[in-house]
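Listed here are the chains, written in short residue letters.
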Amino acid sequence: MLTERRIPHWFYSVANTNHVMATRPMYDNRYEIDAFLEKLVLKREPLVIDTYVTPLEAPELPKAFTLSDYIDANYGK
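These numbers come from a predicted model, not from an experiment. (Residues numbered from 1 in each chain as written. Predicted model: local features only at pLDDT ≥ 70, side-chain atom pairs only at ≥ 80, totals over all residues. Heavy atoms only, no water.)

J.: Would you mind going over the overall build of the protein in detail, with residue names and values included?
T.: When helices and strands are counted, the protein shows three helices and two strands. Looking at the protein residue by residue over its 77 residues, the buried ones come to 13%. Across the protein, the fraction of contacts at a sequence separation of at least 24, relative to all contacts at a separation of at least 6, is 78%. Here the protein displays about 6,400 Å² of accessible surface, and carbon together with sulfur accounts for 58% of that area. (Helix = DSSP H or I, 4+ residues; strand = E, 2+ residues; numbered from the N terminus. Buried < 20%, exposed > 50% of the residue type's maximum accessible area, 1.4 Å probe, protein only. Contact = heavy atoms within 4.5 Å. Areas by Shrake-Rupley, 256 points an atom, 1.4 Å probe, with all protein chains shown as cover.)

And the structure:
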């Protein structure tokens with residue numbers, strides 16, 4: 001949805017995880033957070049970045065959903 005409309009964003013998707021992922025970026029993704037703040041917030045660069053990660057140690061979980069699914073589930077249509 002954001003990508004197709006070329007709306008600046010950085011969407012970081014991790015496969016095969018659960019809500020424990022909510023705190024993990026504060027430890028494991030500091031570089032990405034700093035880069036997001038510098039490039040998209042401070043410099044207002046019109047970037048569209050979609051990062052998809054599948055951890056090697058994670059068991060397969062049937063939780064595939066799209067950004068549109070997330071927005072619809074949390075904000076309605």
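J.: Outline a nonpolar patch on the surface, supporting the account with residue identities and numerical values.
T.: A grouping of Phe36, Leu37, Val41 and Leu42 is seen on the molecular surface, where their side chains present a nonpolar patch of about 360 Å² in accessible area. Note that Leu37 resides in helix H2 (residues 30–42). Judged by its relative accessible area of 41%, Leu37 is partly exposed. (Patch = residues over 30% accessible without salt bridge, like charges linked within 9 Å, V, L, I, M, F, W, Y side chains within 5 Å. Salt bridge = Lys/Arg side-chain N within 4 Å of Asp/Glu carboxyl O.)

J.: I'd love a proper account of the pattern of salt bridges, names of residues and values included.
T.: Taken as a whole, this structure holds two salt bridges when the rule is applied. For Asp28, the salt bridge goes to Arg24, with nearest N and O atoms at 3.0 Å. Judged by relative accessible area, Arg24 falls into the partly exposed class, the value being 31%. Measuring nitrogen to oxygen at the nearest pair gives 3.1 Å for the salt bridge that ties Lys43 to Glu38. Taking the relative accessible area as the measure of exposure, Glu38 reaches 38% and is therefore partly exposed.

J.: Just give me the short version of the environment of Phe36, but keep the residues and values in it.
T.: Looking at the element boundaries, Phe36 is found in helix H2. Along the backbone, Phe36 and His9 are 27 residues apart, and their C-alpha atoms lie at a distance of 8.6 Å. Sequence-distant contacts of Phe36, defined by excluding residues within four places in its chain, comprise Trp10 and Val41.

J.: Describe the side chain of Asn29, naming the residues involved and giving the relevant values.
T.: Its place among the elements puts Asn29 in the loop between helix H1 (25–28) and H2. Asn29 sits in the buried class, given a relative accessible area of 7%. Of the polar contacts made by the side chain of Asn29, one reaches the side chain of Tyr12; its length is 3.0 Å. The contacts of Asn29, once residues within four sequence positions are left out, are Tyr12, Met21 and Arg24. (Polar contact = N/O pair within 3.5 Å; in protein donor to acceptor, adjacent residues only side chain to side chain.)

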